[in-house]
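Observations on chain architecture
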Amino acid sequence: MKIHRLHTRSALGTAATAVVVILTAACGRSEARSNIVNVYSTRHYGAMEPMYAAFTEETGIRVRVSHGGMHALLERLKAEGERTVADAFFAVDAGGLWLAANEGLLQRVESETINANIPAELRDPEGRFFALSQRIRSIAYMPGRVDPSELSSYEALADRKWRGRLCMRPSTNVYTQSLVASLIAAHGEEKAEQIVRGWVANQPEYIDSDTRILQTIAAGGCDVGVTNHYYLGRLIDQDPDFPVKMFWANQDGRGVHRNVSGIGVTAAAANRQNAIRLIEWLSDRAGQAPDATGLPGSNFEFPVNSTVDAHPIIAGFGAWRADPMPLGEYGRHQADAIQLMERAGYR
Ligand code: FE
């Protein structure tokens, strides 16, 4: 046990990591827990593995990940209660993080390092979850068929001029739910429903993949669509001539719709300190690096740590100003957003 502690506290090379892994395997359950952090994650891009490996290399703390859909993992956390092995919950939508916090599944964390790394508007005010990357859901368009001067806001996509020209993600998608939740928070339900009814009247083509929306725009199937910015970043990374552009919506008003991927420490975490250490590390410069540099693990999201620059491809989309709406609003209005879309006939 002494050797085990010694190793976990020192900076570890790969060989030493292997020793710890072997020792861990030989130890009992409670001891094995001490250099592990278990993460339930909805982040499925395969993007995090190099970061987890680097974290383990530096700290000796192994990261074990269980992947799943947001609602499946929330149900699992609830069902497992105190017995859950999860120390952290990693989600790719602010609504999901708020729902977890609101169910009492996440605990309050106070860390000076985290607070220094992540601006206040990207943290839950009660310290239950923290954004690790920013994803901007905005309006993609095809130059030539659309002049950016014709674009302004999500609300204006309800204008008749977009009839038959719009590609949208269905209501079952959590990104759509958060966007509509933000309309409810900004305008109230009645006005939000009017806006969504306007979108529906424009007979959008519903496509359940942001990447396919962008490809459909490029192929001439629609002129504008609403997608997360990083899908366009990826397509441009693969093909620098990919023609679709990103327009930052609502810059003359409340700001563009910002969602996040983020993480919280579970209420029942057995390895609380390791989970906090992981969040500290992922929000620090090294943990924020892939999206800034395009290293393995890059998803072309905007870093939350303001000392880290965005990757040139997405920086090339131009500066944006985000809606300062607290991230919890997306979760708070999610159920209403789903009902609203059903009433409005949004598929
Ligand atoms: Fe995504």
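Up top is the structure these notes are about.
Structure report, in brief. (Residues numbered from 1 in each chain as written. Predicted model: local features only at pLDDT ≥ 70, side-chain atom pairs only at ≥ 80, totals over all residues. Heavy atoms only, no water.)

When you go through the protein chain residue by residue, the secondary structure sums to 16 helices and 10 strands. Partitioning the contacts of the protein chain with sequence separation of at least 6, the portion at a separation of at least 24 is 76%. Per element, the accessible surface of the protein chain, about 14600 Å² overall, is 51% carbon and sulfur. (Helix = DSSP H or I, 4+ residues; strand = E, 2+ residues; numbered from the N terminus. Contact = heavy atoms within 4.5 Å. Areas by Shrake-Rupley, 256 points an atom, 1.4 Å probe, with all protein chains shown as cover.)

In the structure shown here, the tally under the stated rule is 3 cavities of 30 Å³ or more. If you add up the space inside the largest cavity, you get close to 150 Å³. In terms of lining residues, the largest cavity is bounded by 15 residues, among which Met 48, Leu 132, Ser 133, Gly 287 and Asp 291 are the most central. Of the residues belonging to the lining of the largest cavity, the class tally is 8 nonpolar, 5 polar and 2 charged. (1 Å grid on protein atoms, 1.4 Å probe; cavity = no way out; pocket = protein on both sides within 12 Å on 5 of 7 lines; lining within 4 Å. Points joined across faces, edges and corners; volume = space filled by probe spheres on them. Nonpolar A, V, L, I, M, F, W, Y, C, P; charged D, E, K, R; others polar.)

Below, the discussion takes up the state of the cysteines. Any covalent bond linking the sulfur atoms of two cysteines counts as a disulfide. Following the criterion strictly, the structure yields 1 disulfide and no others. Between the sulfur atoms of Cys 167 and its disulfide partner Cys 222 the distance amounts to 1.7 Å. Here the disulfide of Cys 167 and Cys 222 is left-handed, its torsion about the S-S bond being about -50 degrees. Residue Cys 167 is located in strand 5 (residues 166-168), and its partner Cys 222 is located in the loop between helix 10 (210-218) and strand 7 (224-228); the two are separated by 55 residues in the primary sequence. Each member of the pair, Cys 167 as well as Cys 222, carries the same accessibility label: buried. (Disulfide = S-S within 2.5 Å. Buried < 20%, exposed > 50% of the residue type's maximum accessible area, 1.4 Å probe, protein only.)

Before going further, it helps to spend a moment on unusual backbone geometry. One non-glycine residue, Gln 203, lies in the positive phi region at around 50 degrees. Inspection of the secondary structure puts Gln 203 in the loop between helix 9 (189-201) and strand 6 (205-206). A positive phi angle, close to 60 degrees, is found at Asn 250, a residue other than glycine. Looking at the element boundaries, Asn 250 is found in the loop between strand 8 (245-247) and strand 9 (257-265).

On to the nonpolar core, then. Ranked by internal contacts, the top residues of the largest apolar core, which has 103 residues, are Phe 89, Val 196, Trp 199, Val 224, Leu 278 and Leu 282. Contact partners of Leu 278, with chain neighbours within four places excluded, come to Val 37, Val 39, Tyr 52, Phe 55, Val 63 and Ile 263. (Core = buried A, V, L, I, M, F, W, Y, C linked by side-chain atoms within 4.5 Å.)

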